[in-house]
Protein chains: 2
Amino acid sequence: MQTDQRIVRAMAELLRVQGYGSTGIQQVARAADAPTGSIYHHFRGGKREIAAAALRTTGAAYIELLPLLLDPHPDLPTGVEAAFAAAAEDMAGTGWANMCPVGTVAGEIADTEPDLRRVAAEIVTSWVDAGSRYLAGRGLPETDARSAIYALLTSLEGGFLLARAQRSTEPLLAAGRAVAAYIATLPVAADA
Amino acid sequence: MQTDQRIVRAMAELLRVQGYGSTGIQQVARAADAPTGSIYHHFRGGKREIAAAALRTTGAAYIELLPLLLDPHPDLPTGVEAAFAAAAEDMAGTGWANMCPVGTVAGEIADTEPDLRRVAAEIVTSWVDAGSRYLAGRGLPETDARSAIYALLTSLEGGFLLARAQRSTEPLLAAGRAVAAYIATLPVAADA
DNA sequence: GTCTATAACCTGATAGAC
DNA sequence: GTCTATCAGGTTATAGAC
């Protein structure tokens, strides 16, 4: 793999686990098997620019999971519940590492790193847009689709947070049941 | 106010805004109007111990808000929706500062600071216990009450996260509607 | 383009005078 | 108990040899 790709990947992994403030450039360099100076050759913007690239690539990758996880299920509620259960299994199986660097980082830098906050906002907006398009395609009215994807995303990020703190699958499983039940109350969705 | 209380309060405020890794002891000292050395006189455990104390005090304060916010409303669903709307208003009015240091910190230290992770887990567990007791007192069956408080907490923490990233009330408002609709599907809850 | 060495500064923590 | 001065090691970022 190319050096700059290794750097971005290492940063994404470290952001996921320990956030932005606690992640050092030298730590990224070690994890990417690159010397310190080489990092600034590839990313003149330094730490911030690497973090922005890491968030963007993982953000783009994650939204593609939504159709992959929900398409196999005949109706949305059971699909959502299964997706949350799969996320819970993944977390338990990987030592409760967070699934999403955007979630780990967003809260911590929202007031102190305006550029990164804007990147996080773009990613979330892209998730909402793509997600509500998908849900509308499965039969939800447009405004309901938008509410539903927000409900799904907030529950998922909050579920990651509590599951990680408690080292338990229960928060994610309960959140999945709740989102599924909510979507089931929306028109047409019950068998969409 | 006593010096040690000022230190804990300053730490809580900084944790809320920028998380654990980015918060320095000297920064806490400045915010608390205390010299660096004085901090280690009051808290021999240093940064970790102060952060633990800050999380515990704010965690205890937050769970007391639940009855205050929900008691005035005749049924749970409208109460929940109003509480999320109030949280959204608060965030918008305070420049999108996070409402909850536990949320900002939990994700970032879960793998790197075992002691603090355990503190966060205790706090979440106390929230779940007190919250499900309250919801059971409002008429929900016990297992439903536990699911419902998890749904509420995950949606709230995730809502804070997305609202902060997007600087928008929409994530919290949508999350509130979803949790309210979910609780309305539970037995007895519709008019509890 | 890759890598070493280092600048300038900040970190958590401590020792010890007041 | 309060505060100053400082330690050893970390930080981001850069300059310049290879």
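Quick notes on the rules
Residues numbered from 1 in each chain as written. Chains lettered and ligands numbered in written order. Predicted model: local features only at pLDDT ≥ 70, side-chain atom pairs only at ≥ 80, totals over all residues. Heavy atoms only, no water. Near = heavy atom within 4 Å. Polar contact = N/O pair within 3.5 Å; in protein donor to acceptor, adjacent residues only side chain to side chain. Helix = DSSP H or I, 4+ residues; strand = E, 2+ residues; numbered from the N terminus. Nonpolar A, V, L, I, M, F, W, Y, C, P; charged D, E, K, R; others polar. Expected span 1.5 Å × (residues − 1). Buried < 20%, exposed > 50% of the residue type's maximum accessible area, 1.4 Å probe, protein only. Axes fitted to C-alpha atoms, helices over the stretch in contact; angles between N-to-C directions. Left-handed = near helix turned anticlockwise from the far one by under 90°. Contact = heavy atoms within 4.5 Å. Phe/Tyr/Trp six-rings, centres within 6.5 Å; stacked < 30°, edge-to-face > 60°. Lys NZ or Arg CZ within 6 Å of the ring centre and 35° of its normal. UniProt positions renumbered as here; feature names shortened; annotations may be inferred. Buried area = accessible area lost by both parts, 1.4 Å probe. Salt bridge = Lys/Arg side-chain N within 4 Å of Asp/Glu carboxyl O. Domains from an automatic or database assignment. Least-squares fit on C-alpha atoms with pLDDT ≥ 70 in both.

Caption draft 1: Expanded view of the protein's contact with DNA strand D. Taken together, the neighbourhood of DNA strand D is formed by 14 residues, with Gly-24, Ile-25, Gln-26 and Tyr-40 of chain A together with His-42 of chain B sitting nearest. Among the atoms of DNA strand D close to the protein, meaning within 4 Å, 55% are from sugar or phosphate groups. Here Thr-23 of chain A contributes a backbone N or O atom positioned 3.4 Å from a phosphate oxygen of DNA strand D. Here Lys-47 of chain A contributes a backbone N or O atom positioned 3.3 Å from a phosphate oxygen of DNA strand D. Only α2 (25-32), α3 (36-42) and α4 (46-63) of chain A together with α3 (36-42) of chain B provide two or more residues apiece to the surface near DNA strand D. Among the elements that take part in the surface near DNA strand D, α3 of chain B stands out by supplying 4 residues, more than any other.

Caption draft 2: Summary view of the protein's contact with DNA strand C. Looking at DNA strand C, there are 14 residues lining it, with His-42 of chain A together with Gly-24, Ile-25, Tyr-40 and Lys-47 of chain B nearest. Sugar plus phosphate, as a fraction of atoms of DNA strand C within 4 Å of the protein: 54%. Taking Lys-47 of chain B, its main chain carries an N or O atom lying 3.2 Å from a phosphate oxygen of DNA strand C. Elements with a minimum of two residues in the surface near DNA strand C: α3 of chain A together with α2 (25-32), α3 and α4 (46-63) of chain B. Tallied by class, residues from the surface near DNA strand C come to 3 nonpolar, 10 polar and 1 charged.

Caption draft 3: Molecular detail of helix α9 (residues 142-166) of chain B. Residues and elements named next belong to chain B. The end-to-end C-alpha distance of α9 is 36 Å, a good match for the 36 Å that 25 residues give at a rise of 1.5 Å each. Counting buried residues along α9, 21 of its 25 residues qualify, which places the element largely inside the surrounding structure. Where α9 ends, the next residue or the one after it, Arg-167, has phi of about 50 degrees, a positive value.

Caption draft 4: Spotlight on the packing of helix α9 (residues 142-166) of chain A against helix α8 (residues 114-137) of chain B. α8 of chain B packs onto α9 of chain A with a crossing angle of 115 degrees between their chain directions and a minimal axis gap of 7 Å. Handedness of the crossing formed by α9 of chain A with α8 of chain B: left-handed. Packed against α9 of chain A, whose contacting residues are Leu-162, Arg-164, Ala-165 and Gln-166 of chain A, the element α8 of chain B presents Arg-117, Ala-120, Ala-121, Val-124 and Thr-125 of chain B at the interface. A per-class count over the contact of α9 of chain A with α8 of chain B returns 5 nonpolar, 2 polar and 2 charged.

Caption draft 5: Up close: the packing of aromatic side chains. Tallied over the entire structure, the rule returns 0 aromatic pairs over all chains. Taking the ring centre of Tyr-20 of chain A as reference, the NZ or CZ of Lys-47 of chain A above it sits at 4.4 Å.

Caption draft 6: Geometry of the UniProt feature "DNA-binding region" (unreviewed entry) in chain A. If you check UniProt for "DNA-binding region" (unreviewed entry), the listed places come out as residues 24-43 of chain A in our numbering. The straight-line gap between the two end C-alpha atoms of residues 24-43 of chain A is 15 Å; of that span, 75% is helix and 0% is strand.

Caption draft 7: Structural view of the interface of chain A and chain B. Listed by partner, the interface residues are 45 residues for chain A and 45 residues for chain B. For the pairing of chain A and chain B, the buried interface totals around 3,900 Å² over both sides, and the portion due to carbon and sulfur atoms is 59%. For the pair chain A and chain B, the interface holds 6 salt bridges. Notably, a salt bridge pairs Arg-146 of chain A with Glu-170 of chain B, separated by 2.7 Å at the nearest N-O pair. In this structure, the connection of chain A to chain B is made through 17 residue pairs in polar contact (both at pLDDT 80 or more). Of all the secondary structure elements, the ones that give two or more residues to the side of chain A that touches chain B are α1 (3-18), α7 (101-109), α8 (114-137), α9 and α10 (170-184) of chain A. At 15 residues, α9 of chain A tops the list of elements feeding residues into the side of chain A that touches chain B. For the side of chain A that touches chain B, a count of residues per class yields 20 nonpolar, 16 polar and 9 charged.

Caption draft 8: Geometry of the domain arrangement of chain A. Residue and element names in this part refer to chain A. When cut into domains, chain A gives domain 1 (3-56) and domain 2 (64-191). Of note, the centres of domain 1 and domain 2, computed from C-alpha atoms alone, are 26 Å apart. Every contact between the two is made by 13 residues of domain 1 and, on the other side, 17 residues of domain 2. Between domain 1 and domain 2 the total buried area reaches about 1,300 Å² when both faces are included, carbon and sulfur atoms providing 65% of it. Taken together, the links from domain 1 to domain 2 amount to 2 salt bridges. The residue Arg-56 makes a salt bridge to Glu-122 at a minimum N-O spacing of 3.0 Å.

Caption draft 9: View of the relation of the copies chain A and chain B. Here chain A sits on chain B after a turn of 180 degrees about the axis and a move of 0.0 Å along it, with an RMSD of 0.1 Å. Such values leave the two copies arranged in the relation of a two-fold axis. For chain A, the minimum C-alpha distance to the rotation axis belongs to Gly-158 of chain A and amounts to 1.9 Å. Both copies contact each other with a shared surface, as 100% of the interface residues of chain A are interface residues in chain B too.

Caption draft 10: Structural detail: unusual backbone geometry. Residue and element names in this part refer to chain A. Positive phi outside glycine occurs at Asp-33, with the angle close to 55 degrees. You can see Asp-33 is positioned in the loop between α2 and α3. With relative accessibility at 68%, the residue Asp-33 sits in the exposed group. Phi is positive for Arg-167, close to 50 degrees, though the residue is something other than glycine.

Caption draft 11: Expanded view of helix α6 (residues 76-93) of chain B. All names here are of chain B. Taking 1.5 Å of rise per residue, 18 residues should cover 26 Å, and α6 covers 25 Å from first to last C-alpha, within 8% of that figure. Those residues of α6 not exposed but buried are Leu-76, Pro-77, Gly-79, Val-80, Ala-83, Phe-84, Ala-87, Ala-88 and Met-91. Contacts made by the buried residues of α6 are with α5 (65-70), α8, α9 and α10 (170-184).

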